[in-house]
Amino acid sequence: MPTAVARGTILPFAVWLLTRTALLLFVFKVVVFPGPDVTSDVSAIYRGWYEVLITGTYPLNDVTWQYPPAGALAILSPGLLPGLDYTSAFFVLVLVCDLMVLLLLRYAERRGTARRGTWVWVVGVPLLGPTVYARYDLMVTAVAVAALLAGVRRPRTLGALAGFGAVLKVWPVLLLLGVPRGRTTVRSWGAAAATAGAVTVLLCTLMPGGLAFLTFQRDRGTEVESLGALVFHFARHFGWEGQVLLNYGSVEFLGPYVPLVSTVALGLSVLALGWLVLWRLRAKEFGPSTPCDAAFAAVLLFTTTSRVISPQYMVWLVGLAAVCLVFPGSRMTLPAWLVLAATAVTVLEFPIWFAEVVASDPTGIALLVLRNGLLVAATVTACRRLWRQTVPLPQPPARISPVAREGSPATSR
């Protein structure tokens, strides 16, 4: 009979194997998943970028290329697997990254019994459906998980991986926010700057157009799944004359007041940055889980306030939630559960009922209100808990009792 410890070790891997087999059946179209085909991004868009990149240049004439320079490495990586077509090789590489995250989390929790982080990853990833294997965001998440777990003892490794991740997809730079002050900050931030700078210079030297993504990102509008998009989903039922079109690689609202809502979203992101700076200045009590908790709260802030909340962004949050729960002292349990719930709703709004979302039908609106409401709740909860755990309460001024005053030298005279 297997012992309880053995069952606890085997069960996560067994569930991972079953759920990932299901994901592979979906992306290879052995079983058809409801909704639009999510694998076309790999077979058409990624493959098209691959054909351009192997010629030695970035896709300068394609506004849908909105990734930092090292994003090219993720797009080119399927070429490392000879004997497989591009799409199949991409899915295999994402599967390997998925397994790597599982092994890292399991190793980090090898002495524990709860294995909360392992289970968040095992359960959270398949909640997104086949989309999670049809985008390169899981690869970036694997780099982020490795960075945070390495940072417990090796701040330079954390910095190097965070810097590389930032050149892959920007958001991993937020992993540096919660590192303790002093030498740890100097080492990690210095390594991040050196790595990001070196990779950027190298890739931009080898291939022209590495920084074109900055202009393409600037011109994006309000994507139909974002928090701000709810304004237009409701407005369409009251005569708003805008429309929904494929724009800059995503389905966005175009029409009256869209620039205003996009500007408000950017303003909220600026306020989020301001809050994070204030937290960094005020935080005094840094524990083992603080870098993970701070990164989780920061990515929640920028995801929720973004003009674009693509479904694959949820895997970032699932990965960071998993790392947080590796540490017993983390207070991010409730935000992690809220993220898992939001992830489960995400697969319903995309791809299953995406047509209803695009049409602003009641079902689509209800799903977006629920998903985005869960993200807002997770964001507020995570930020409050991070602040309370790390920012000391102001101490009231000491009061001198009347007895003490009477006995003092000043009053005795």
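Residues numbered from 1 in each chain as written. Predicted model: local features only at pLDDT ≥ 70, side-chain atom pairs only at ≥ 80, totals over all residues. Heavy atoms only, no water.

Colleague: An account of the packing of aromatic side chains is requested, with residue identities and associated values reported.
Modeller: Enumeration according to the criterion identifies 20 aromatic pairs in this entry. Relative to Phe33, the ring of Phe26 has its centre 4.9 Å away and its plane inclined at 75°; by these criteria the two rings are edge-to-face. Judged by its relative accessible area of 23%, Phe26 is partly exposed. Exposure remark for Phe33: the relative accessible area of 18% places this residue in the buried category. When the centroid spacing of 5.3 Å and the interplanar angle of 70° are considered together, the rings of Tyr46 and Phe90 count as edge-to-face. Placement of Tyr46 in helix H2 (residues 40-53) and of Phe90 in helix H4 (residues 86-108) is noted, with a sequence separation of 44 residues between them. Residue placement shows Arg110 over the ring face of Tyr107; its charged tip is 4.1 Å from the ring centre. The ring of Tyr136 has Lys169 lying over it, and the distance from NZ or CZ to the ring centre is 5.1 Å. (Phe/Tyr/Trp six-rings, centres within 6.5 Å; stacked < 30°, edge-to-face > 60°. Buried < 20%, exposed > 50% of the residue type's maximum accessible area, 1.4 Å probe, protein only. Helix = DSSP H or I, 4+ residues; strand = E, 2+ residues; numbered from the N terminus. Lys NZ or Arg CZ within 6 Å of the ring centre and 35° of its normal.)

Colleague: Residues and numbers for the layout of surface pockets, please.
Modeller: A water-sized probe rolled over the atoms picks out the places where empty space is left. The space that makes up the second largest pocket amounts to roughly 610 Å³. Residues belonging to the lining of the second largest pocket are distributed by class as follows: twelve nonpolar, two polar and seven charged. (1 Å grid on protein atoms, 1.4 Å probe; cavity = no way out; pocket = protein on both sides within 12 Å on 5 of 7 lines; lining within 4 Å. Points joined across faces, edges and corners; volume = space filled by probe spheres on them. Nonpolar A, V, L, I, M, F, W, Y, C, P; charged D, E, K, R; others polar.)

Colleague: Describe the nonpolar core, and please don't skip the residues or the numbers.
Modeller: For soluble globular proteins, the rule of thumb is that nonpolar side chains tend to be buried together. In this structure, Ile75, Leu105, Trp121, Tyr136, Leu138, Leu175 and Phe296 are the most contacted members of the largest nonpolar core, which totals 116 residues. Residues in contact with Phe296, not counting those within four places in the same chain, are Leu317, Leu320, Ala321, Cys324, Met332, Pro335, Ala336 and Val339. (Core = buried A, V, L, I, M, F, W, Y, C linked by side-chain atoms within 4.5 Å. Contact = heavy atoms within 4.5 Å.)

Colleague: I'd like a rundown of the sheet that holds strand E3 (residues 250-254), residues and numbers included.
Modeller: Spatial ordering of the open sheet is given by E1-E3-E2, a layout of three strands whose pairing is antiparallel. At either end of the open sheet lies a strand with only one pairing partner, and these are strand E1 (222-223) and strand E2 (243-247). With five bridges connecting them, E2 and E3 associate as antiparallel partners. Pairing of Leu246 across the sheet is with Val251, part of E3. (Pairing = 2+ DSSP bridges.)

Colleague: Provide a residue-level description of the pattern of salt bridges, including the pertinent values.
Modeller: A side chain with one charge can pair with a side chain of the opposite charge if their charged atoms come near. Summed over all chains, the structure comprises six salt bridges. For Asp37, the salt bridge goes to Lys29, with nearest N and O atoms at 3.0 Å. The partly exposed category is assigned to Lys29, whose relative accessible area is 48%. Between Asp137 and Lys169 there is a salt bridge whose closest N-O contact spans 2.6 Å. In this pair, Asp137 is assigned in helix H6 (residues 137-150) and Lys169 in helix H7 (residues 155-169), connecting sequence segments 32 residues apart. Each member of the pair, Asp137 as well as Lys169, carries the same accessibility label: buried. (Salt bridge = Lys/Arg side-chain N within 4 Å of Asp/Glu carboxyl O.)

Colleague: Which residues make up the pairing of E3, and what are the values?
Modeller: Pairing geometry for E1 and E3, over two bridges, is antiparallel. If you follow Thr222 over to E3, its bridge partner there is Phe253. Here E2 folds back onto E3, and the loop between the two strands holds two residues, one of which, Tyr248, carries a positive phi near 55°.

Colleague: Outline the confidence of the model for the protein, supporting the account with residue identities and numerical values.
Modeller: Residues at a pLDDT of 70 or more form 92% of the protein, whose mean pLDDT is 92. Contacts for the low-pLDDT stretch residues 408-413, under 50 throughout, to residues beyond four places or in other chains number three contacts. (pLDDT = per-residue confidence, 0-100.)

Colleague: Before we move on, could you go through a nonpolar patch on the surface and cite the residues and values that matter?
Modeller: Among the surface-exposed residues, Tyr257, Leu260, Val264, Leu268 and Leu271 lie close enough to one another that they form a single nonpolar patch of about 540 Å² accessible area. Looking at the secondary structure, you find Val264 in helix H11 (residues 258-282). (Patch = residues over 30% accessible without salt bridge, like charges linked within 9 Å, V, L, I, M, F, W, Y side chains within 5 Å. Areas by Shrake-Rupley, 256 points an atom, 1.4 Å probe, with all protein chains shown as cover.)

Colleague: Lay out the side chain of Ser188 with the relevant residues and their values.
Modeller: For Ser188, the position within the fold is in helix H8 (residues 183-206). In this structure Ser188 comes out as buried when scored by relative accessible area, which is 0%. Polar side-chain contacts of Ser188 include one of 2.8 Å to the backbone oxygen of Thr184. Side-chain polar atoms of Ser188 contact the backbone oxygen of Thr185, separated by 3.4 Å. (Polar contact = N/O pair within 3.5 Å; in protein donor to acceptor, adjacent residues only side chain to side chain.)

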